[in-house]
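Breakdown of the fold
The residues making up each chain are set out below.
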Amino acid sequence: MSTAITVFDVGGTHIRQAWWLRGGELRARTSRPSPSFKRFPGATVSELQDMMVRDLCDAAPETPDAVVGISFGAALDHRSGIVYASAPLWGEHSAPYDLRAALASRRRDVRWHIVNDVTAALLHAAAASSRRGHRKVLLATISTGIACRVIDQRQGRIPVDGCGLQGEIGHLPANTELAGRPIELECDCGKTGHVAAYASGPGIARMAQALKRREPGRWAASRLGLLTADGTDFEASLRRALDEQDDLAVELLDAVTAPVAAVLRTALCLDPEIDEAVLTGGVVHGLAQHYQRALMGHLTRQGLYLTSDRTPDWLEQRITVTGPGEADSLAGAGIAACAGVPA
């Protein structure tokens, strides 16, 4: 195997690319837009998939024994790499797609290794020296999409179900309130009331628009409303309004973190061997301490039965928020390719 492995991280917004050295270093990082249904609204799913295959194959090196590791933002079979669905890339489409076969038919000279992007991020995070003594590590990514994975560090194994799946929490049913009333929003997958419908990056933007409709006067008078009215993009406006302790922005963040807190509460209740729950992704990195504060607020107000009363810091000790690069799917794609994952 070559010392350097070409790695891709394919998300709903961008394709990131780099060289991964077997010592763990990433070099020559680049980024470009993904061929998603939002970027090409008139394209069929087959056309979008073909664009993706051509992009990856054209970018793969033309060298002997080339090895490529791909972190792919989709629900896929961890055992075979068959892609089941990717709401951020393909919307409601959920017909199985053999991405590896499509890539290999175009570039037979390349050894392709494909894992889910959350699996890749978890592999990188779990390799940190501070986590090597953990029994289990959970990683949840909050970004264009939402999902999590749990690895058993004692066995080096990510358990999966009969479909090769684990941790597709973004499409679990969820409830939250906005301006004191329940709200139902549609997820990118086409269903209503999923965790991702409220808590993903696009979900938060939809929640903001719903809040604006429900409370037009408060919205117009808030820092968040004023900043967006001045033309500042929504993500930057939300971060700045939270920095300035804008009440409406705090209320919005509280609403969108409630479904994530509920999932983490349940996971840690059902499996106390999870020694750390690691949060990562664009939303988490963008909102940083604001996100962690809102999340822990939910878990402080309503934690685990008896455990939170007897050991109030039990949850806080187990939930951490990463900074950029600490759970890097590009590095995880390299780890997976080096290990020959999936089998």
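Heads up: the structure comes first, above all this text.
Now for a description of the structure that goes with this document. Positions within a chain are numbered from 1, following the residues in the order the chain's sequence is written. The model is predicted, so local features are restricted to residues of pLDDT at least 70 and side-chain atom pairs to those at 80 or more, both for listing and for counting; the totals for chains, interfaces and linings are taken over all residues. The basis for every side-chain value is the complete set of non-hydrogen atoms in the structure, without hydrogens or water.

This part covers the nonpolar core. Buried Ala, Val, Leu, Ile, Met, Phe, Trp, Tyr and Cys residues that are joined via side-chain atoms within 4.5 Å together make up what is termed a nonpolar core. Relative accessible area decides the class of each residue, using a 1.4 Å probe on protein chains only: under 20% of the type maximum gives buried, over 50% gives exposed, and in between gives partly exposed. Membership of the largest hydrophobic core comes to 57 residues, with the highest contact counts inside it found for Met207, Leu238, Leu252, Tyr291 and Ile319. The contact definition used throughout considers only heavy atoms, calling two residues in contact when any of these lie within 4.5 Å. Look past the residues within four positions of isoleucine 319 in its chain and what remains in contact with it is Leu264, Leu268, Ala277, Leu279, Gln292, Leu295, Met296 and Leu299. By size, the runner-up hydrophobic cluster in this structure holds 26 residues, among which are Leu76, Tyr97, Leu103 and Ile114.

Note on aromatic pairs: the rings of Phe, Tyr and Trp (six-membered ring only in Trp) are paired at centre separations within 6.5 Å, and the planes decide the class, stacked below 30 degrees, edge-to-face beyond 60, tilted for the rest. The full count for this structure, using the stated rule, is two aromatic pairs. Considering the side-chain rings of phenylalanine 72 and tryptophan 90, the 6.1 Å spacing of their centres and the 45 degrees angle between planes classify their relative orientation as tilted. Here the residue phenylalanine 72 occupies a position in strand 4 (residues 66–72), and tryptophan 90 occupies one in helix 2 (residues 87–90), the gap between them amounting to 18 residues. You'll find phenylalanine 72 and tryptophan 90 in the same group, each marked buried. Centre to centre, the rings of tryptophan 90 and tyrosine 97 are 6.0 Å apart; their planes meet at 90 degrees, and the pair counts as edge-to-face. One aromatic cluster is present, built from ring pairs that chain together Phe72, Trp90 and Tyr97. Under the DSSP-based scheme used, a helix requires at least four consecutive residues in state H or I and a strand at least two consecutive residues in state E, with every element numbered from the N terminus.

Quick look at the sheet that holds strand 2 (residues 14–21) now. Any two strands with at least two DSSP bridges between them are considered paired. An order of 3-2-1-4-7 is seen for the five strands of this open sheet, with the pairing classed as mixed. Edge positions in the sheet fall to strand 3 (26–33) and strand 7 (110–116), since each of these pairs with one other strand and no more. Neighbour-to-neighbour, the strand axes of this sheet turn through a mean angle of 20 degrees, independent of strand direction. Between N-to-C directions, angles cover 0 to 180 degrees, with each direction set by a line fitted to C-alpha atoms, over the stretch in contact for helices. Across the sheet, helix 3 (residues 99–106) lies against strand 4 and strand 7, angled at about 160 degrees from strand 7, the strand it touches most. Lying over the sheet, helix 4 (residues 117–126) contacts strand 1 (4–10), strand 4 and strand 7, oriented at roughly 90 degrees with respect to strand 7.

Despite not being glycine, glutamine 245 shows a phi value in the positive range, around 60 degrees. Within the secondary structure, glutamine 245 sits in the loop between helix 9 (234–243) and helix 10 (247–270).

Before going further, it helps to spend a moment on the environment of histidine 298. With respect to the helices and strands, the residue histidine 298 is situated in helix 11 (residues 282–301). Considered as a pair, histidine 298 and alanine 261 are 37 residues apart in the sequence and their alpha carbons are 6.4 Å apart. Those residues in contact with histidine 298 that lie beyond four places of it in its chain are Asp254, Thr257, Ala258, Ala261 and Arg265. Think of a polar contact as two N or O atoms within 3.5 Å of one another; within protein, one of them needs to be a possible hydrogen donor and the other a possible acceptor, and neighboring residues in sequence only count if both atoms come from side chains. A distance of 3.5 Å separates a polar atom in the side chain of histidine 298 from the backbone nitrogen of alanine 258. Within the local environment of histidine 298, its side chain forms a polar contact with the side chain of arginine 301, the two groups lying 3.3 Å apart.

Looking at where serine 222 falls in the secondary structure, it is placed in the loop between helix 7 (216–221) and helix 8 (223–229). Note on serine 222: relative accessible area 5%, which makes it buried. Of the polar contacts made by the side chain of serine 222, one reaches the backbone oxygen of tryptophan 219; its length is 2.8 Å. Excluding residues that lie within four positions of it along the chain, serine 222 makes contacts with Asp246 and Leu248.

With seven of its seven residues buried, strand 8 (residues 136–142) lies for the most part within the structure. Of the two faces of strand 8, the one carrying Lys136, Leu138, Ala140 and Ile142 and the one carrying Val137, Leu139 and Thr141 are both buried. Here strand 8 runs beside strand 9 (residues 146–152); their pairing, made up of seven bridges, is antiparallel. In the strand pairing of strand 9, lysine 136 is matched with aspartate 152. In terms of strand pairing, strand 8 meets strand 12 (residues 274–280) through six bridges, oriented parallel.

On to the pattern of salt bridges. The rule for a salt bridge is simple: a side-chain nitrogen of Lys or Arg has to be within 4 Å of a carboxyl oxygen of Asp or Glu. Scanning all chains against the criterion turns up 22 salt bridges. Measuring nitrogen to oxygen at the nearest pair gives 2.7 Å for the salt bridge that ties glutamate 244 to arginine 223. Of this pair, glutamate 244 sits in the loop between helix 9 and helix 10 while arginine 223 sits in helix 8, placing them 21 residues apart in sequence. Looking at arginine 223, the relative accessible area reads 29%, which means it is partly exposed. Relative accessible area serves as the criterion here: at 38%, glutamate 244 is assigned to the partly exposed category. What you see here is one network of salt bridges that share partners, running through Lys136, Asp152, Arg154, Asp271 and Glu273.

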